[in-house]
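The chain contents come next:
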Amino acid sequence: AGGRRPSIGLAGSSDGLRWTRQSRPVLDPGPRGSWDERGVADPYVIQERGIFYMYYLGQDRARRQRLGLARSSDGKVWEKLRANPVLELGEMGAFDENGLGEPAVWTAHGWRWMLYTGRDRAENRRLGLARSRDGVRWERVSAKPLFGGEQPWYSKVVCDPTVVLENGEVRVWFGGGD
């Protein structure tokens, strides 16, 4: 099946202006037959108690995209969890039945929370919300999307969430399209 499979890389900077890319990826696709054999993408990294947690998209040979987790103590060497994927596709007819991606994770009130992009059969994209006590076993907060499609500029696509906690308030930036 030749061709390059997407990997996740690392770059570093001492001043935030000039960046040096590490020569080898920090996360490669999984072995043949695995849930992420076709590629890994959309990393979102959080740090808790000195450990880095990377949530990411994995794609299998049937082109199903689900979400997984890798851990690192230094941000350079990552280990995938055997429990992957940590979030599966939604049920048939759900807003996220055709694919998951672009996770954004934060911790509040004893839970880890995840916004993620879900794709339906028509390729509409909406944001879903899931929660977890341990960051590994996730449950959807609702079978319906959190939001999406209310305005013309994001009537078909709501994606790429970024979350910032500020003064006890959750702020979300996202992309959209019509």
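Keep in mind that what you see is a predicted model, and the values were worked out from it rather than measured.

Engineer: Before we go on, may I ask you to explain the pattern of salt bridges in this structure?
Structural biologist: Pairs can form between side chains of opposite charge once their charged atoms are near each other. This structure, assessed with the given rule, holds 15 salt bridges. A salt bridge links Glu-37 to Arg-61; the shortest N-O distance between them is 2.7 Å. Linking Glu-37 in the loop between β2 (20-21) and β3 (39-48) with Arg-61 in the loop between β4 (51-59) and β5 (65-72), this pair joins segments that are 24 residues apart in sequence. Overall, the relative accessible area of 44% leaves Arg-61 in the partly exposed class. For Arg-64, the salt bridge goes to Asp-60, with nearest N and O atoms at 2.7 Å. Connected through salt bridges with shared partners, the residues Asp-60, Arg-64, Arg-66 and Glu-88 form a single ionic network.

Engineer: Hey, could you run me through the side chain of Glu-48 in this one?
Structural biologist: Relative to the assigned elements, Glu-48 resides in strand β3. Of note is the side chain of Glu-48, whose polar atom sits 2.8 Å from the side chain of Arg-112. Ignoring sequence-local partners within four residues, the contact set of Glu-48 consists of Tyr-53, Thr-107 and Arg-112.

Engineer: What exactly am I supposed to notice about the sheet that holds β3 here?
Structural biologist: Pairing between the strands of a sheet comes from backbone hydrogen bonds, and it takes one of two forms, parallel or antiparallel. The four strands are arranged β3-β4-β5-β6 in an open sheet whose pairing can be described as antiparallel. Here the strands that pair on one side only, and so sit at the sheet edges, are β3 and β6 (79-80). Sheet topology places β3 next to β4; eight bridges connect them, and they run antiparallel. Directly across from Val-45, in β4, lies its bridge partner Met-54.

Engineer: Would you mind going over the pairing of strand β7 (residues 99-108) with me for this structure?
Structural biologist: The side chains of a regular strand alternate between the sheet's two faces. By the criterion of burial, β7 is predominantly enclosed, with nine of the 10 residues buried. Two strands pair when backbone bridges link them, and β7 and strand β8 (residues 111-119) are joined in this way by eight bridges, in the antiparallel orientation. By the bridge assignment, Gly-101 is partnered in β8 with Thr-117. The loop that links β7 with its antiparallel partner β8 comprises two residues; one of these, His-109, has a positive phi angle of about 55°.

Engineer: Mind showing me how you'd approach the packing of aromatic side chains here?
Structural biologist: Each aromatic ring pair is specified by the distance between its two centres and by the angle formed by the two planes. Under the defined criterion, the tally for this structure stands at eight aromatic pairs. Ring geometry for Tyr-55 versus Trp-138: centroids 5.8 Å apart, planes at 90°, classification edge-to-face. With Tyr-55 in strand β4 and Trp-138 in the loop between β9 (125-132) and β10 (139-140), the pair connects residues that are 83 residues apart, well separated along the chain. Tyr-55 sits in the buried class, given a relative accessible area of 0%.

Calculation notes
Residues numbered from 1 in each chain as written. Predicted model: local features only at pLDDT ≥ 70, side-chain atom pairs only at ≥ 80, totals over all residues. Heavy atoms only, no water. Salt bridge = Lys/Arg side-chain N within 4 Å of Asp/Glu carboxyl O. Helix = DSSP H or I, 4+ residues; strand = E, 2+ residues; numbered from the N terminus. Buried < 20%, exposed > 50% of the residue type's maximum accessible area, 1.4 Å probe, protein only. Polar contact = N/O pair within 3.5 Å; in protein donor to acceptor, adjacent residues only side chain to side chain. Contact = heavy atoms within 4.5 Å. Pairing = 2+ DSSP bridges. Phe/Tyr/Trp six-rings, centres within 6.5 Å; stacked < 30°, edge-to-face > 60°.

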